[in-house]
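Reading the structure
Spelled out from the first residue to the last, the chains are:
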Amino acid sequence: MSTIYPSLEGEFKATPESKVDPCSMVIFGAQGDLARRKLWPSLYNLDVDGLLPEQFSIFAISRRELDLDEVKEQIRSDLSEHSRRKPDDSMWMKFSERVHLFTGNLDESGTYRKLEKVLESTDKSCDTCGNTLYYLAIPPSTVFPVVEKLGETGLVDQPHDGSWTRVIFEKPFGTSLESAIELNCNIGRVLDESQIYRIDHYLAKETIQNILVFRFTNTIFEPSWNRENIDNVQITMAEDIGVGSRGRFYEEVGVIRDVMQNHLLQVLGLIAMEPPVSMEAEAIRDEKVKIFKSIRLPEDSEIGENSILGQYEGYREGPGIAADSNVPTYAALKLHIDNWRWQGVPFYIRAGKGLNNRVTEVAIEYREPPVCLFSDRDICAAHEPQVLTIRIQPHESIGLSFMIKPPGPGMDVSKAVMNFDYHDQFGYDIPDAYERVILNAMQGDATLFVRSDGVEATWRAVTPVLNYWQENPPSDFPNYREGTRGPLAADEFIARDGRRWWTE
Ligand code: BG6
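The rules behind these values
For every chain, the first residue of its written sequence is number 1, and the numbers climb from 1 along that sequence. Totals for whole chains, interfaces and linings use every residue, but because this is a predicted model, local features are given only for residues with pLDDT of at least 70 and side-chain atom pairs only at 80 or more, for both listing and counting. Side-chain numbers here rest on the full set of heavy atoms in the structure, without hydrogens or water. Helix and strand assignments follow DSSP, with helices taken as H or I runs no shorter than four residues and strands as E runs no shorter than two, numbered in order from the N terminus. Based on C-alpha atoms, the radius of gyration is set beside the globule rule, defined as 2.2 Å times the residue count to the power 0.38. Any residue under 20% of the maximum accessible area for its type is buried, any over 50% is exposed, and the rest in between are partly exposed; the area is computed with a 1.4 Å probe on protein chains only. Working definition of accessibility: Shrake-Rupley area with a 1.4 Å probe, residue cover restricted to the visible protein chains. Nearness is defined per residue: one heavy atom within 4 Å of the molecule or strand is enough. Here a polar contact is recorded for every N or O atom pair within 3.5 Å, except that within protein the pair must consist of a potential hydrogen donor and a potential acceptor, and residues adjacent in sequence are included only if both atoms are side-chain atoms. Residues are grouped as follows: Ala, Val, Leu, Ile, Met, Phe, Trp, Tyr, Cys and Pro are nonpolar; Asp, Glu, Lys and Arg are charged; every other residue, Gly included, is polar. We call two strands paired when DSSP finds no fewer than two bridges between them. How sure the predictor is of each residue is captured by pLDDT, a score from 0 to 100. We call two residues in contact whenever any of their non-hydrogen atoms come within 4.5 Å of each other. Pairs were defined over the aromatic rings of Phe, Tyr and Trp, the Trp ring being its six-membered one, requiring ring centres within 6.5 Å. Orientation was assigned from the angle between planes: stacked under 30 degrees, edge-to-face over 60, tilted for the rest. By convention a nonpolar core is built from buried Ala, Val, Leu, Ile, Met, Phe, Trp, Tyr and Cys residues, the set being connected through side-chain atoms within 4.5 Å. Each domain's extent is set by a domain assignment, obtained either automatically or from a database. For every element, the axis is a line fit to its C-alpha atoms; helices are fit only across the contacting stretch, and the angle between N-to-C directions ranges from 0 to 180 degrees. For a crossover, the right-handed case is the one in which the path from the first strand over the helix to the second runs clockwise, viewed with the strands pointing away from the viewer.

We now examine the overall build of the protein chain. The helix and strand inventory of the protein chain stands at 15 helices and 16 strands. The C-alpha atoms of the protein chain give a radius of gyration of 24 Å, which matches the 23 Å a tight globule of 504 residues would have. In terms of principal-axis extent, the alpha carbons of the protein chain reach across some 85 × 55 × 40 Å. Looking at the 504 residues of the protein chain, the share that counts as buried comes to 56%. Carbon and sulfur atoms form 50% of the exposed surface of the protein chain, whose accessible area is close to 22,200 Å².

By nearness alone, 15 residues border the ligand, and Tyr202, Lys205, Glu239, Asp258 and Gln393 come closest of all. A distance of 2.8 Å separates an oxygen atom of the ligand from a polar side-chain atom of histidine 201. When isolated, the ligand has an accessible area of 400 Å², and the protein chains bury 95% of it. Breaking the shell around the ligand down by element, the ones donating at least two residues are α1 (33-48) and α8 (247-272). Examining the composition of the shell around the ligand, we find that three residues originate from one element, α8, more than from any other. Among the residues making up the shell around the ligand, the classes are represented as three nonpolar, three polar and nine charged.

This next bit is on the pairing of strand β15 (residues 397-404). In this structure, strand β14 (residues 387-393) lies alongside β15, joined through five bridges in antiparallel fashion. Across the sheet, residue valine 387 finds its bridge partner in β15, namely serine 401. Hairpin geometry of β14 and β15 is characterised by an intervening segment of three residues between the two adjacent antiparallel strands and by a positive phi of about 50° at histidine 395.

Our next topic: unusual backbone geometry. The residue after lysine 171, namely proline 172, is reached through a cis peptide bond having omega 0°. In this structure, proline 172 sits in the loop between β7 (165-169) and α6 (177-190). For the bond from phenylalanine 477 to proline 478, the omega torsion is -10°, close enough to zero to count as cis. Within the secondary structure layout, proline 478 lies in the loop between α14 (452-471) and α15 (488-495). Residues other than glycine seldom take positive phi values, yet histidine 395 does so here, at roughly 50°. Following the sequence through the fold, histidine 395 ends up in the loop between β14 and β15. Judged by its relative accessible area of 56%, histidine 395 is exposed.

This next bit is on the confidence of the model for the protein chain. Predicted confidence across the protein chain gives a mean pLDDT of 92, with 96% of residues reaching 70 or more. Within the model, the stretch residues 1-16 combines pLDDT values under 50 with 39 contacts to residues more than four positions away or in other chains.

A full pass over the atoms with the stated rule returns 16 aromatic pairs. Relative to phenylalanine 173, the ring of phenylalanine 169 lies with its centre 5.8 Å away and its plane at 75°, an arrangement referred to as edge-to-face. On the basis of relative accessibility, which here comes to 2%, the residue phenylalanine 169 falls in the buried class. Relative accessible area serves as the criterion here: at 4%, phenylalanine 173 is assigned to the buried category. Here tyrosine 348 and tryptophan 501 contribute two aromatic rings whose centre-to-centre distance is 5.9 Å and whose plane-to-plane angle is 80°, an arrangement assigned as edge-to-face.

What follows covers the nonpolar core. Of all hydrophobic cores here, the largest spans 107 residues; its most connected members are Phe28, Tyr134, Phe169, Leu268, Ile271 and Phe347. With 14 residues, α8 is the single largest residue contributor to this core. In this structure, this core is formed jointly by two domains, domain 1 (5-170) and domain 2 (203-431 + 451-495), each of which donates at least three residues. Leaving out residues up to four positions away in the same chain, isoleucine 271 has contacts with Ile211, Arg215, Trp225, Val233, Trp342, Phe347, Val362, Ile364 and Ile390.

Across the sheet, which stays open at both edges, the eight strands sit in the order β10-β11-β12-β9-β13-β14-β15-β16 with mixed pairing between neighbours. The open sheet is flanked by β10 (307-310) and β16 (414-421), the only strands paired with a single partner. Within the sheet, the average angular offset between the axes of one strand and its neighbour, ignoring direction, is 15°. Bridging between β15 and β16 involves eight bridges; their strand directions are antiparallel. Residue glycine 399 lies in a different strand from β16, and its bridge partner there is asparagine 419. Where α8 meets the sheet, it contacts β9 (230-238), β10, β11 (330-335), β12 (347-352), β13 (359-366) and β14, and its direction lies at approximately 145° from that of β12.

Among the six residues that make up strand β3 (residues 23-28), six are buried, leaving the element largely enclosed by the rest of the structure. Going residue by residue along β3, you find Cys23, Met25 and Ile27 tucked away on one face and Ser24, Val26 and Phe28 tucked away on the opposite face as well. For the crossover that starts at β3, traverses α1 and ends in the parallel strand β4 (residues 56-62), the hand is right-handed. Pairing of β3 with strand β6 (residues 132-136), which is carried by five bridges, proceeds in the parallel orientation.

The structure is reproduced here in structure tokens:
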């Protein structure tokens, strides 16, 4: 796996391992929300860190005729808003020279033939050695038509001169189990598996990669990481932003397809998997896929009990959104993993937009002691379970809560927390996960990308829930106000099991 090492000053510097071949990058969806919030800032930061090759050009593909200077101005203002580093004049000059615009109708083969010519001439003038990375930041329904056209024009042929073409697929990969299988099959006719990079940027987050290190290098946790000691696991991804300008995209996906089938199940996989035989990508992927395949497929009669959906007020008024849309912006699911380690331990996963807080967190609740030994009933009542909290973002940290006796003459209990904070310990900004995935794709390192069987196994796990709600659309939408904790039903949902959410 390639590495970016923090220098003493806290900047991320190129290492020999992180060397990238000269190449062109072609972004489909370059004016979209994802590109504006993540791709342009990541490319800019990679450039500032010296991780991009000198011979590197970016083509922003647009359906409409646009003015290049205006596009650059927009990118600069997006960097000011979303980048971990604000654009500095001289760095911006250098970076903006790399940006080119390419306009054309993506449904027409002529567009791709024109693109081929442009790439050939860049290749000659900028010495990009025929290497091209295509980034498909476009809605799922438009993905295969673009790949097909790239294939027809020979743009993604595997060159025989040592150069490469690779394609990054944004998630969600498909919109259902059937469509993911079909997409895998269709793109497999155009591309070799080694050219396919299915992105899940959560896998590149430092705190998510740390789950493996935390679990498999610290022997203290492993003996208790099972049904004997753990009562339940909660994975929360709360966002304070709404859908914004992504209405058209979001109407195709909704919260389960947008972040649960991928980001949250990947986190669940890392938390629940058995120790892999090695830290090689394939070994880790094998263990995660076993977990995905062990997720119990609920009967229809259980799904109404084991899941709740929500939609924030105002969602239906957003651009590109149907006035009677039943697309959920919030969901909470209870999943069971049918294997020896986790039998009987519920995994609650929930995600929502338009909430009061931005936080992604895993909370692992340990079992209560079998008896309360204190004669004072108040002490027994005040007792809280130990909770191990892995905070993915923001304020990245790991905390363990436990009960202690506060100093004083009487016997009492109170909660204490041991906390490790990334910023206190390392003192620098953690690069965005997109920086890592873009760099790895340029390097041809697929470790942090999802394998075809993994993507199908995660779709299989959520398909019954998607089908159930498709056939039984919720009748109470919208059911929560923006800026709140989400639908009240989500608290009732977990309270019915005698439990509570640990992430506020
Ligand atoms: C994307 C989803 O994959 O992840 C977005 O499509 C979501 O809806 C985003 O906002 C969240 O990413 P992050 O890295 O900010 O947690």
